[in-house]
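Reading the structure
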Amino acid sequence: MARMGSRLAPLCREYGCLFIINDYPEIALGTGADGVHLGQDDGELAPVRAMLGANAIIGRSTHSPEQALGAFRERADYIGFGPLFPTGTKPGRPAIGLEDIAGVRRQLPEEFPVFCIGGINGNTLPSVLEAGASRVVIVSWLLTHPDITETVAALRKRLGEA
């Protein structure tokens, strides 16, 4: 993973996109990644912040309003909130549904990034947005399309980002 990260970091910089390593702060540090995304079982954020520095981006996966607020209090830079629906990227993890999205958004500062994630696709996206999401992560559904670039462009247009 470190070798792949070392190859990806310069590409991300060349194309002006962030490079976040999942779960491994040591690899994030060694590759010069912009930050790391941590799960609930990956330890406290403070030592990771000390390791990576004040400018590193540190995200946290959350699966409940309590975890979302906890990640904010830990000074995460953003959270992933989900999985909203069953997803092939996390088989066996129970879906949390849409009910808590608006409540979490109300309890956190407006500018704090909450990325709703898990099983979001072209069919579920409208209900996720109606539930109060302003940011979404779409993985599995997107990767099943033969023309990912075209699909992303259509999604961005649908979300008003084109």
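Only a predicted model underlies this, so the values are computations on that prediction, with no experimental measurement involved. (Residues numbered from 1 in each chain as written. Predicted model: local features only at pLDDT ≥ 70, side-chain atom pairs only at ≥ 80, totals over all residues. Heavy atoms only, no water.)

Let's shift gears to the state of the cysteines. Under the counting rule described, the total for this entry stands at zero disulfides. Free of any disulfide, C12 has its nearest neighbouring cysteine sulfur in C17, separated by 3.7 Å. (Disulfide = S-S within 2.5 Å.)

Along the chain, the position of H37 falls in strand β2 (residues 35-38). On the accessibility criterion, H37 (14% relative accessible area) is buried. A polar contact of 2.7 Å, which involves the side chain of H37, links it to the side chain of S61. A polar contact is formed between the side chain of H37 and the side chain of Y78, at a distance of 2.8 Å. When near neighbours in sequence (up to four residues on either side) are disregarded, H37 contacts I20, I21, N22, D23, G59, R60, S61, Y78 and G80. (Helix = DSSP H or I, 4+ residues; strand = E, 2+ residues; numbered from the N terminus. Buried < 20%, exposed > 50% of the residue type's maximum accessible area, 1.4 Å probe, protein only. Polar contact = N/O pair within 3.5 Å; in protein donor to acceptor, adjacent residues only side chain to side chain. Contact = heavy atoms within 4.5 Å.)

Time to look at the environment of Y15. The residue Y15 is located in the loop between α1 (2-14) and β1 (20-22) in this model. Residues Y15 and G118 lie 103 residues apart in sequence; the distance between their C-alpha atoms is 27 Å.

Bringing the packing of aromatic side chains into the picture now. Geometrically, a pair of aromatic rings is defined through the distance of the ring centres and the angle of the planes. Counting across every chain of the model gives two aromatic pairs. Seen in terms of ring centroids, F72 and F112 are 5.1 Å apart; in terms of plane orientation they differ by 80°. Their pairing is edge-to-face. With F72 in helix α4 (residues 65-73) and F112 in the loop between α5 (101-107) and β5 (114-117), this pair connects stretches of sequence that are 40 residues apart. Under the relative-accessibility criterion, F112 is labelled buried at 6%. (Phe/Tyr/Trp six-rings, centres within 6.5 Å; stacked < 30°, edge-to-face > 60°.)

With that settled, the discussion passes to the nonpolar core. Counting residues in each nonpolar core, the largest one holds 37 residues, and the members touching the most others are L84, I101, I120 and V128. Those residues in contact with L84 that sit more than four places away from it in its chain are A95, I96, G97, L98, I101, C116, I117, G118, I120 and V128. (Core = buried A, V, L, I, M, F, W, Y, C linked by side-chain atoms within 4.5 Å.)

The next thing to look at is the environment of V136. Counting through the fold element by element, V136 comes out in strand β6 (residues 136-137). In sequence terms V136 and R49 are 87 residues apart; their C-alpha atoms lie 25 Å from each other. Setting aside residues up to four positions removed in sequence, V136 forms contacts with F115, C116, I120, L125, V128 and L129.

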